[in-house]
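Close look at the chain arrangement
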Amino acid sequence: DELGKRGEDISRMEVLESVEQTVTVPESKDPRLWCLKTFGPEQELCIKLMWKAFETIRNGESVPVASVFTVPYVRGYIYLEAQREADVRRFTKGINGLSQYTGLSLVPIDQMAGVFSAAKAAAQKVNVIRPGDWVRLKKGPYGGDLAQVDEVDDDMYLLKMKPRIRGGQIAKGNKKIFPPKWFHKDDMEATREVIVNVEPRKTQKGFKLFYVAHGEAYRDGFLYKNYRSSAFVSGSDVRPTEYELTDWRNAPPISEQVRPEDDLPKSKEEKEEKMPPPPLPVKKDTGPILQDGERVIVHSGDLKNLRGVVSKAVFGSPTVLVQPRDVDVKGDLSISTTRLCKYFEIGDYVTVLSGDHAGDAGHVEKVDLGPQNEWGSHVTAHILASDYTSFRTSLNDLRKSFERPETRCSNGDFKVGQLVSVGKDTRAVIVRLEADDRALVLDIDGVKQYVTLKELEPFKVPKRSIYKQEVFCEDKKRNRIVPFCIVKAPQSYTGSAPVTSEVLYIEKNRVFLRAVEGLVGERAYLVAHGDKCEFVWDPSHMPKGKGKGRRPDLKLAMKLAETPDAELTSRPMSFGIQMASQISFLKAGWHKMLGLSERPAGAPTGDTLVPGSAVKITGGNYKGLRGEIRDFLEDRVRISLLSAPKLVEVSINDVQDDLYSKDKASQKFVDFYTPREAPMPVPTKEKSEEQTLAEGLDRATMPSDEQAWDAKWLMGDDSAPITPAVSIVSSSRRRRAPRLAAELMAETGPANGS
């Protein structure tokens, strides 16, 4: 009233008094709320925008967007707070999955408070799934079926449900081809299509026995199967119908047909007959087993949350010396091990010392401090192994390490490089054996995977000689490839250079190989198509006496055994090259100046060679040529080359004996003339009297070698005239003799009395 009397406008005040303000209403200066259409996961897109904001702030620039969030009830949209539309378009530019131009709209001011309230309520709402909760599967052969949570292990949930089976067949794929039916052992085995086995499986309540058929576990008529939270719907959205609850209440009673016999409840008489075991002694908490250099944290007492490094630890001692970190404390503190806990950070590479995963190694993925969020002996860690599987173990069972998991060359019936069967029809080679009965195998498709030894079965390979005859394939040049031969195989499908490998096994035109060069360890094992390899050689094709199949020469061994030791040691060793001990680095004549009694072989030979010696030039422009020495010119020598009619002068240090010519000269050569030997007997024919008389006269008048060249004998004398008959039957040498004698007499003159 007083304001009205003063003449002020009170119409607005009356409106404001009639409105009860329950939420904060945005003012004109506050940022506006924009709704942006998306084409991908809303949460991931919000995280991308947050990372972009961090990078913008790091670069020293201002972020035009105040906040970004999503509401789970509004799918396909995200919300951003900004002053102008241009700021939203500029900030979201370059983010895949956002529509900057076609899906941007402004949220009215009167609806902004409701959007913020819905987003806050959705963020505070946490759906915790506990054992015993009802859920419904989303898809698959059991899509829409009711299930109950039996166990919770991190993000994996063990559900029990009513199975869908018919005879020996189970439901697979995405269609409900079989109606729901309780499990019954005799009904499954009646079709003779499947054998029901009994397997123990570890649960949170200990080991339990399950019936296993087609790889799925059954107990008490239910099917037990692991699922992730994304595979089913939980919470208030699941409401079992009266028919489903009645069907579950009428589950088959516990008997040998639905539960293994060893897990059946015992009668009262059997329980009374068995004496209960003595109680176990209460195990005292002595704290973790520590070593020097390990990081620890105090979880109780006055020094709670103090971190440090163990400087000295004695095995069995109740206390250790700890050097504090991140505090201004000098010296070491003696702290009881019961108040200490090992300390690890995310990303540390650790090895499991004890427990179910002893021997395994991996990176720390998460540290679970429990509901009270405090350190202690109850703290566990999530470890990410090398095969990308995660497991949980106690923090005190870990130790920081820089090594890989402990490997073994053999484990029972298995060893590295052995051919095994994985499943029914898959062949593989063991590449690495690790602790806790786990192996890394290379299958026939070239894929490496981790499997347990229970999943492997040794494949029996025949003897080496028989295996090479039974199994073979062809390479890219259609050459035959057999086991244990050497081939060139591709390392990968990227076109890298081939590697020389040994063929281990052949299976369906696939070749299991082990590299003999370039690759070692588990990388040395390869698998390739036979037609992609190239055959090199086969050790079995080598001649006898060479290679691996060489047999000892017994005759040579007997001969060496009978040879005296002095004769064996006196023979110099010869390797076809000049030994280091036979090389001298002194110039010609220097060994005499230094007083050396003997000159090593291979030294410059200017003082020992003579003109006419065969030498070889070892340096200079004429290196490698051979020749003969013609003259010595102080420190140079003149040589006549054998390869060309040329005289050259070279340094005496570049000349040495021609060992090649000496070796040739020392060999035993065979004479080039034919030795005189008795002619082979030839069958003779009967001769006439004239032929016999002529041969006799020829032998009687046949001159010797000296008489044939004697002119006096050829001219004859009065006492021994030459008869025409003899001249007729004489040899060709006697026919040439008169002509030679006449020429001789013409030069010397006539003989006396002729």
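See the structure above.
The written sequence of each chain sets the order in which its residues are numbered from 1. Restriction of local features to residues with pLDDT of at least 70 applies here, the model being predicted, together with a cutoff of 80 or more for giving and counting side-chain atom pairs; totals for whole chains, interfaces and linings are based on all residues. To get the side-chain values, take all heavy atoms of the structure and skip hydrogens and water.

1. Some thoughts on the layout of surface pockets
A cavity, in this analysis, means grid points on a 1 Å lattice covering only the protein atoms where a 1.4 Å probe fits yet has no way out; a pocket is instead an open set bounded by protein on both sides within 12 Å along at least five of seven lines, and a residue lines either one if it has an atom within 4 Å of a point. Grid points are joined across faces, edges and corners, and a volume is the space filled by probe spheres set on the points. Estimated volume of the largest pocket: approximately 2200 Å³. For the largest pocket, the lining is made up of 43 residues, of which Asp153, Lys202, Asn226, His357 and Phe391 are closest to its centre. Here the lining of the largest pocket takes six residues from strand β10 (residues 197–203), the largest share from any one element. Class assignment for the residues of the lining of the largest pocket results in 14 nonpolar, 10 polar and 19 charged. Helix and strand labels come from DSSP, where a helix needs a run of H or I of at least four residues and a strand needs a run of E of at least two; each type is numbered from the N terminus. Three classes are used: nonpolar for Ala, Val, Leu, Ile, Met, Phe, Trp, Tyr, Cys and Pro, charged for Asp, Glu, Lys and Arg, and polar for all others, with Gly counted as polar.

2. Some points on the packing of aromatic side chains
Classification of ring pairs uses Phe, Tyr and Trp, with its six-membered ring standing for Trp, and accepts pairs whose centres are within 6.5 Å; under 30 degrees between planes counts as stacked, over 60 as edge-to-face, and the remaining range as tilted. Evaluation of the coordinates by the stated rule reveals 11 aromatic pairs. Judged by centre distance (5.6 Å) and plane angle (15°), the rings of Phe69 and Tyr79 are stacked. One end of the pair, Phe69, is in strand β2 (residues 65–69); the other, Tyr79, is in strand β3 (residues 77–82), with 10 residues separating them in the sequence. Relative to Trp248, the ring of Phe222 has its centre 5.0 Å away and its plane inclined at 50°; by these criteria the two rings are tilted. Of this pair, Phe222 sits in strand β13 (residues 222–228) while Trp248 sits in helix α7 (residues 242–249), and the two are 26 residues apart along the sequence. As far as burial versus exposure is concerned, Phe222 and Trp248 are alike and both buried. By the ring-pair criterion, three or more aromatic residues cluster together here, those being Trp134, Trp182, Phe222 and Trp248. Taking NZ or CZ as reference, Lys160 lies 4.9 Å from the ring centre of Phe222, over its face. As a reminder, the over-ring test applies to NZ of lysine and CZ of arginine, requiring each to be within 6 Å of the ring centre and within 35 degrees of the ring normal. Sitting over the ring of Phe210, Arg219 keeps its end group 5.8 Å from the ring centre. Remark: exposure states derive from per-residue accessible area (1.4 Å probe, protein chains only) relative to the maximum for the residue type, with buried under 20%, exposed over 50%, and partly exposed in between.

3. Here's the deal with the sheet that holds strand β39 (residues 534–537)
Across the sheet, which stays open at both edges, the five strands sit in the order β38-β37-β36-β35-β39 with antiparallel pairing between neighbours. The open sheet terminates on both sides in strands that have one partner only, identified here as β38 (525–529) and β39. Going across the sheet, the axis of each strand differs from the next one's by a mean of 45°, ignoring polarity. We treat two strands as partners when DSSP finds at least two bridges between them. In this sheet, strand β37 (residues 510–515) lies alongside strand β36 (residues 499–507) in antiparallel orientation, the contact comprising six bridges. What sits directly across from Val503, in β37, is Leu513. Between N-to-C directions, angles span 0 to 180 degrees; the directions come from axes that are lines fitted to C-alpha atoms, helices contributing only their stretch in contact.

4. Section: unusual backbone geometry
The phi angle at Asn373 is positive, at roughly 55°, despite the residue not being glycine. Of note in the backbone geometry, Lys508 takes a positive phi value of approximately 55° without being a glycine. Looking at the secondary structure, you find Lys508 in the loop between β36 and β37.

5. Quick word on the pairing of β3
Walk down a regular strand and you will see the side chains alternate between the two sheet faces. In terms of residue burial, β3 counts as a mostly covered element, since five of its six residues are buried. Pairing of strand β1 (residues 32–37) with β3, which is carried by six bridges, proceeds in the antiparallel orientation. Counterpart to Trp34 in the pairing with β3 is Leu80. As paired elements, β2 and β3 share four bridges and run antiparallel to each other.

6. Let's talk about the sheet that holds strand β5 (residues 134–137)
Within a sheet, each strand pairs with its neighbour through backbone hydrogen bonds, oriented either parallel or antiparallel. In spatial order, the strands read β10-β11-β12-β13-β7-β6-β5-β14; together these eight strands make up an open sheet with antiparallel pairing. Of all the strands in the sheet, just β10 and β14 (232–233) have a single pairing partner and so form its edges. Contact between two residues is taken to exist if any of their heavy atoms lie within 4.5 Å; hydrogens are not considered. On top of the sheet, α7 reaches β5, β6 (146–153), β7 (156–161) and β13; it is set at about 65° to β6, its chief contact.

7. Structural notes on α7
Among the residues of α7, Glu244, Asp247 and Trp248 are the ones counted as buried. Axial view of α7: buried residues confined to an arc of 95°, hence all on one face. Exposed side chains of α7 directed beyond 90 degrees from the buried face belong to Glu242, Tyr243 and Arg249. Here the arc refers to the directions that run from the helix axis out to each C-beta atom.

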